[in-house]
Amino acid sequence: MFSVYNPNSLMKAIFNDDFDSYWTQTSAAESLLGYIGLDFDGLDKTISELLGGVEIKVDLRGFANDMVTFRDKDDVLTLLIHLGYLTYNEITQKVHIPNEEIRLEFARTVRKVKKKA
């Protein structure tokens, strides 16, 4: 597997000290708002726990493998794994927020959801 990057852009970013997160500015990041807003089975509380660093048990087996069919909190969490917002530990069967960039995106999204409520 090969990684592709532009060395000139990388050197400019280092030289100009201009680093930013562009992944969270994609349409997938915006869709996070809709998924968290569903609040199945206390999803809002679960997201708060994830933001606090807690790992949450999730059952992946019922997921319909699409982005529109959600029956419960586990379906939403499973989709968030597929989108890269959560990391799944196969041994413990738990999810967590993988890094600070995504944790900040979750926090911004929760604030937006609460404003709409």
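Relevant structure appears above.
Residues numbered from 1 in each chain as written. Predicted model: local features only at pLDDT ≥ 70, side-chain atom pairs only at ≥ 80, totals over all residues. Heavy atoms only, no water.

(A) Examining the packing of helix α3 (residues 43-51) against helix α4 (residues 73-82) more closely. Between α3 and α4, the shortest axis-to-axis distance is 10 Å and the interhelical angle comes to 40°. With respect to their mutual orientation, α3 and α4 come out oblique. Remark: the crossing between α3 and α4 carries right-handed chirality. Facing Leu-43, Thr-46 and Leu-50 of α3, the residues of α4 in contact are Lys-73, Val-76 and Leu-77. Looking at the contact of α3 with α4 residue by residue, the classes come out as four nonpolar, one polar and one charged. (Axes fitted to C-alpha atoms, helices over the stretch in contact; angles between N-to-C directions. Helix = DSSP H or I, 4+ residues; strand = E, 2+ residues; numbered from the N terminus. Parallel < 35°, antiparallel > 145°, perpendicular 65-115°, else oblique. Left-handed = near helix turned anticlockwise from the far one by under 90°. Contact = heavy atoms within 4.5 Å. Nonpolar A, V, L, I, M, F, W, Y, C, P; charged D, E, K, R; others polar.)

(B) Focus on the packing of aromatic side chains. Going through the model one piece at a time under the given rule, you end up with one aromatic pair. Where Tyr-85 meets Phe-106, the ring centres are 5.9 Å apart and the plane angle is 85°; that geometry is what we call edge-to-face. In this pair, Tyr-85 is assigned in the loop between α4 and β2 (87-89) and Phe-106 in helix α5 (residues 100-116), connecting sequence segments 21 residues apart. Residue classification places Tyr-85 among the buried residues on the basis of a relative accessible area of 0%. (Phe/Tyr/Trp six-rings, centres within 6.5 Å; stacked < 30°, edge-to-face > 60°. Buried < 20%, exposed > 50% of the residue type's maximum accessible area, 1.4 Å probe, protein only.)

(C) Representation of the sheet that holds strand β1 (residues 56-57). The three strands lie next to each other as β1-β3-β2, forming an open sheet whose pairing is antiparallel. The open sheet has two free edges, formed respectively by β1 and β2, since each of these has just one partner strand. (Pairing = 2+ DSSP bridges.)

(D) Focus on the pattern of salt bridges. Across all of its chains, the model carries five salt bridges by this definition. With a shortest N-O distance of 3.2 Å, Glu-49 and Lys-45 are connected by a salt bridge. On the criterion of helical spacing, the pair formed by Glu-49 and Lys-45 is a turn pair, its members being four residues apart in helix α3. In this structure Glu-49 comes out as partly exposed when scored by relative accessible area, which is 25%. Taking relative accessible area as the criterion, Lys-45 reaches 57% and is therefore assigned exposed. Residue Asp-75 pairs with Arg-71 through a salt bridge whose shortest N-O separation is 3.6 Å. Residue class for Asp-75 comes out buried when judged on its relative accessible area of 2%. (Salt bridge = Lys/Arg side-chain N within 4 Å of Asp/Glu carboxyl O.)

None of this, on its own, says anything about what the molecule does.
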